[in-house]
Amino acid sequence: MSSVNNNGISDLYWNTDTKTTTTDNSNGALTQSDFFALLTQQLAYQDPTKPVENDQMIAQMTNFTMADGIASLNTNFKDFATSMNSSQALQASSLVGQYVLVKSDDMVYSGEDDVVVASANFPAAATNVNIKIKDENGVVVRSVNLPSADAGRLQLPWDGTTDTQAVNEDGTPKVDEKGNPVMELAKAGNYTISVEATIGGKNEAIETGVYAPVSSVSLGNGTTTGLVLNVFGQGQKKLSDIIEIAT
């Protein structure tokens, strides 16, 4: 009979006198059955003159119980996370086709009859508000000046109107029936918006946002993790990136 060090059960684990053969499906982890089998062997082969102290036995059982509890908690948490992702995906799917507000200065103008709605978030009351819309080449196509703006979010719709007056076929400036100038419409394409204003005597850049429709929902891929919304003209956005859902 081989001697066993009663300071722990690790020596017995490698005891070549033990003939028991089991199939290991735990990837090397000590299972509950393994633990109690080893504990039984430890008690059977301990030195009768120096038996394992009760506190050592309790400590071994306590440590294993804690480890087993943590493993179970991890498994339950993974199941919970999977359930939450499924629930979020179901909720997010209802946003497809809805317009959402995201922090951005990029706008996509689709052409005549399209209206792009941007917004500016003023941290405090402001004066001398300067709004500029630029094309892909950085050329200003539309500029608007407002004398003041209150603190909060201000919506800024743009119907594609530019600062350039349209002309008739004969080259004369085009006007409507009331004699007001008719401005040219911008071409369909990508544009950016910027807002500056005076707040507390200082000129500041104001945070902008853009309303755009949600085209689809992704559950994550090789480059992203978790649920993301594919927003038209804005790319992929997390739910936490959505500032407002338009109704």
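Preceding this section is the structure that the text describes.
Residues numbered from 1 in each chain as written. Predicted model: local features only at pLDDT ≥ 70, side-chain atom pairs only at ≥ 80, totals over all residues. Heavy atoms only, no water.

Points about the overall build of the protein chain
Within the protein chain one finds three helices and 14 strands. Taking all 247 residues of the protein chain together, the buried fraction comes to 26%. Relative to all contacts within the protein chain whose residues are 6 or more apart in sequence, the contacts with residues 24 or more apart total 62%. With an accessible surface of roughly 16300 Å², the protein chain has 51% of that area assigned to carbon and sulfur atoms. (Helix = DSSP H or I, 4+ residues; strand = E, 2+ residues; numbered from the N terminus. Buried < 20%, exposed > 50% of the residue type's maximum accessible area, 1.4 Å probe, protein only. Contact = heavy atoms within 4.5 Å. Areas by Shrake-Rupley, 256 points an atom, 1.4 Å probe, with all protein chains shown as cover.)

Description of the pairing of strand β9 (residues 189–199)
Pairing of strand β2 (residues 106–109) with β9, which is carried by four bridges, proceeds in the antiparallel orientation. The partner of Met-107 across the bridge, within β9, is Tyr-191. With six bridges connecting them, strand β4 (residues 126–134) and β9 associate as antiparallel partners. Bridge pairing in β9 places Ile-133 opposite Ile-193. Pairing of β9 with strand β10 (residues 202–205) involves four bridges; the strand directions are antiparallel. For Ile-199, the partnering residue across the bridge sits in β10 and is Lys-202. Joining the antiparallel neighbours β9 and β10 is a turn of two residues, in which Gly-200 adopts a positive phi near 60 degrees. (Pairing = 2+ DSSP bridges.)

Here we look at the side chain of Gln-234
With respect to the helices, strands and loops of the structure, Gln-234 is situated in the loop between β12 (228–231) and β13 (235–237). Its relative accessible area of 12% is what places Gln-234 among the buried residues. Beyond its immediate stretch of four places on either side in the chain, Gln-234 contacts Val-102, Ser-104, Asp-106, Val-210 and Ala-212.

As for the packing of aromatic side chains
The description of two aromatic rings rests on the distance between their centres and on the angle between their planes. One pass over the structure, following the stated rule, counts two aromatic pairs. Between Tyr-109 and Trp-158 the ring centres are 5.1 Å apart and the planes differ by 45 degrees, which places this aromatic pair in the tilted class. Highlighted residues: Tyr-109 in strand β2 and Trp-158 in strand β6 (residues 152–158), separated in sequence by 49 residues. Residue classification places Trp-158 among the buried residues on the basis of a relative accessible area of 4%. Taking 5.2 Å as the distance between ring centres and 70 degrees as the angle between the ring planes, the aromatic pair formed by Trp-158 and Tyr-191 counts as edge-to-face. Note that Trp-158 is positioned in strand β6 and Tyr-191 in strand β9, a separation of 33 residues in sequence. The same class applies to Trp-158 and to Tyr-191, which are both buried. (Phe/Tyr/Trp six-rings, centres within 6.5 Å; stacked < 30°, edge-to-face > 60°.)

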